[in-house]
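For reference, the chains in residue letters:
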Amino acid sequence: MNIAFVAAEVAPWSKTGGLGDVCGALPRALAALGHRVITVSPRYRDYPDAWDTGVRARIHLFGQLHEVGFFHAAAAIDGNPCHHLFVDHPSFRRSGIYGDSSGAYGDNLFRFALLSRAGIEAAALVPLFAGTNGPEPLGEEVVFHVNDWHTALVPLYLEALYRPAGRFQRAGTVLGIHNAGHQGNFAAHKFAGLDVSTRWWPHLDMDGQLNLLKTGVVLSDKLVAVSPTYAREVCGELGFGLGGVFSSRGRDLIGIVNGIGDDWDPGTDVHLAQTYSADDLSGKLVCKRALQRELGLPERDVPLLALIARLDPQKGVDMVMQVLPWLMQQDLQLVLLGSGNKALEQQMREMEWANPSRARGWIGFNEALAHRMEAAADLFLMPSRFEPCGLNQLYSLRYGAVPVVHATGGLADTVETVDPARDRGTGWAFRQYSAEAFGEAIGWALLTWWRFPDAWKAIQQRGMRQDWSWTRSASAYERVYGEVLGRRA
Ligand code: ADP
C-alpha cells in the first residue's frame, strides 16, 4: 500500500509529545512491513540529515500563491526505506511548533492549511520510489493518515479541490486522534482564506467558528483514536464539544493502542546498571540499588514507587500529593520525576525536604533517569485524569514496574487489575477518580509486594511478556488502510 503520514510533528525531527512519537515510529514499522511510506511535516529548522529534493509546489491560500519546497531524509529498517519529507516555507521557521512564550502563532490557520495542501502535493510530486521508468512519486492511490486538527484539512481539500478535478479518486483518509482537547478553532471570517467554496462551510462550522478537527471527523474515511477506550470517551465529555460529531461516525471510529520503541527494552537498555528479562529478574534488583545510591536513598529492600510525568493537571500529580501523608507513613520509597506546573514543583521539593529517607523529587526532563527509574521501580503510579493512550504504563509493564493507574483511556485498555483467585492481571486500575480509590489501589499493591512475593513476581512477568511493540500496532493499522482503500477502489 501507499501511505502518506501528514503531521505537525515527526520525531526525532520535531516533537512536543506522543503525536511526534507516533508519527516517527508507526510509519517506519509500516515501511518495515513492506509498504511504501512517506511522512510529510514542516521543516521547522535546518535538519542536517535532510536534503533539498529540488521539487517545488505552488499553493493558493489566503489570496496569494505560496511556493513550498520539499527536503528529504530516508531511514531504512531491514532494508525497507521510510521517506521523510519536510515542507520548506518561511512561516514554519520559528522557535516553536505551535507558538512561543507569547502564545499560539497568529497565522496557524495558514501554516497548517499550507502543510495539509503540501502533504497532498508531496504524494503526487516528489519522486522517491523506483518505478519502471525511473523514480516515481508515491502516487494518487494512497491512504493519507492525517493527525489531530493540524492536518485535518487534508480530507477537505481532497473533496473540495482535487477530486472535482479528477485527481486522487482512489485516495482514502484516516484521521488519527491523539488529543481531542485541541481542535484548531479560528474566527469564521478566516474561512475565505482557505480557498474552498462556501458550500463546505457547514463541515467546518462549530458554533459559528472554524473548527478544523470537526472537518476531519466528518470527512475522513476512518478515525483511529490512540486507544479503544479513548475512542469511546471522545464520543462524550472528552470530545470537548465534538462528542456528538464523533459518535455520529459509528463504526468508522475505532481505537488502536500505540506501540513502544526498541529503546525501551530492559534486555538491551544502555542506561541500566544491569539489563534483565522476564526470565531472569536479578538485574532489576541491581538497578534498584543503583538508583537508591544515585539518589542518596537508603539501600533497603522496601517497595520503590515511581512517577514520571509532565506536571500538568491532566496527569493527576496533585492526587499523589493528596495521598502523600499516608504514603510517607508506610515503609517505602517514592521517586517523582517531572517538570511544568510551578506549584507542583514546589510541593515536590517540600516532599523531599520533609522525608529525606523516603522521597525524592527530581525536577526537570531527564530521559536517562526515566529509564533507570522504570528499571528500579516496583510500582509505577499514573493517576491521570484522562489519558488518550499513555506510554509510561507500557514502559512500566515492559520493565516489571507494576502500574497503578486510573482506569481511563489507554490506561484502562492496557492495565488489567490483579485477580489473585484467577492468577490474572498486570497491575491495579482504580475506577472512581478520588484519592481514596487511588490510595486503596496502592494499598493492595503494597500488600501483595510484602506478603505474596511469588504472586508479585508472576504479576511482573505477565506484564513483561506482553507485546506492546509497534509491529503489533502497525498490523492493526494495516487492516484499517486496507479497508479504506477497498472502499475507494
Ligand atoms: P504525554 O504525551 O501526555 O506527555 P505519555 O505518557 O504518552 O504522556 O508520554 C510521555 C513521555 O514523556 C514518556 O516517554 C515519558 O517518559 C516522557 N517524560 C515526561 N516527563 C518526563 C521527564 N520529566 N523526564 C523524562 N521523560 C519524561
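Residues numbered from 1 in each chain as written. Predicted model: local features only at pLDDT ≥ 70, side-chain atom pairs only at ≥ 80, totals over all residues. Heavy atoms only, no water.

Enquirer: Whenever I open this one, the site of the ligand confuses me. Can you help?
Expert: As a structural note, the neighbourhood of the ligand is formed by 17 residues, with Arg310, Lys315, Gly364, Asn366 and Leu391 the closest of them. Between the ligand and Asn366, the relevant distance is 2.9 Å, taken from a nitrogen atom to a main-chain nitrogen or oxygen of the residue. Taken by itself the ligand offers 560 Å² of open surface, and the protein chains cover 89% of this. If you list the elements that add at least two residues to the shell around the ligand, you get strand S17 (304-311), strand S18 (333-340), helix H11 (367-376) and helix H12 (392-399). Per element, the largest residue contribution to the shell around the ligand is 3 residues, and it comes from S17. Its residues assigned to classes, the shell around the ligand comprises 8 nonpolar, 6 polar and 3 charged. (Near = heavy atom within 4 Å. Polar contact = N/O pair within 3.5 Å; in protein donor to acceptor, adjacent residues only side chain to side chain. Areas by Shrake-Rupley, 256 points an atom, 1.4 Å probe, with all protein chains shown as cover. Helix = DSSP H or I, 4+ residues; strand = E, 2+ residues; numbered from the N terminus. Nonpolar A, V, L, I, M, F, W, Y, C, P; charged D, E, K, R; others polar.)

Enquirer: What should I look at first to understand the domain arrangement of the chain in this one?
Expert: You'll often see interface size given as the accessible area lost when the parts meet. Each assigned domain of the chain is listed here: domain 1 (2-259 + 471-488) and domain 2 (282-467). Using only C-alpha atoms to locate each centre, domain 1 and domain 2 end up separated by 35 Å. Contact between domain 1 and domain 2 buries roughly 1,000 Å² in total, counting both sides, with carbon and sulfur atoms accounting for 62%. The largest per-residue losses of area from domain 1 upon contact with domain 2 belong to Thr229, Val257 and Arg472, which jointly make up 31% of the total buried on that side. Between domain 1 and domain 2 we count 0 salt bridges in total. Counting across the domain 1 and domain 2 interface gives 6 residue pairs in polar contact (both at pLDDT 80 or more). Taken together, the residues that form the side of domain 1 that touches domain 2 break down as 6 nonpolar, 6 polar and 3 charged. (Domains from an automatic or database assignment. Buried area = accessible area lost by both parts, 1.4 Å probe. Salt bridge = Lys/Arg side-chain N within 4 Å of Asp/Glu carboxyl O.)

Enquirer: Explain the pattern of salt bridges here, please?
Expert: Opposite charge on two side chains permits pairing when their charged atoms draw close. Going through the model one piece at a time under the given rule, you end up with 33 salt bridges. The partner of Asp88 in a salt bridge is Arg43, with the nearest N and O atoms 2.9 Å apart. Of this pair, Asp88 sits in strand S5 (residues 80-88) while Arg43 sits in the loop between strand S2 (36-42) and strand S3 (51-61), and the two are 45 residues apart along the sequence. Residue classification places Asp88 among the partly exposed residues on the basis of a relative accessible area of 21%. When its relative accessible area of 11% is taken as the criterion, Arg43 is described as buried. (Buried < 20%, exposed > 50% of the residue type's maximum accessible area, 1.4 Å probe, protein only.)

Enquirer: Looking at this structure, how should I read the pairing of S17?
Expert: Across a regular strand the side chains alternate sides, sitting on one face of the sheet and then on the other. Across the 8 residues that make up S17, a large majority, 7, are buried. As paired strands, S17 and S18 are joined by 8 bridges and run parallel to one another. The residue of S18 that forms the bridge with Arg310 is Ser339. In this fold, S17 hands off to helix H9 (residues 317-327), which returns the chain to S18; that crossover is right-handed. (Pairing = 2+ DSSP bridges. Right-handed = clockwise from strand over helix to strand, strands pointing away.)

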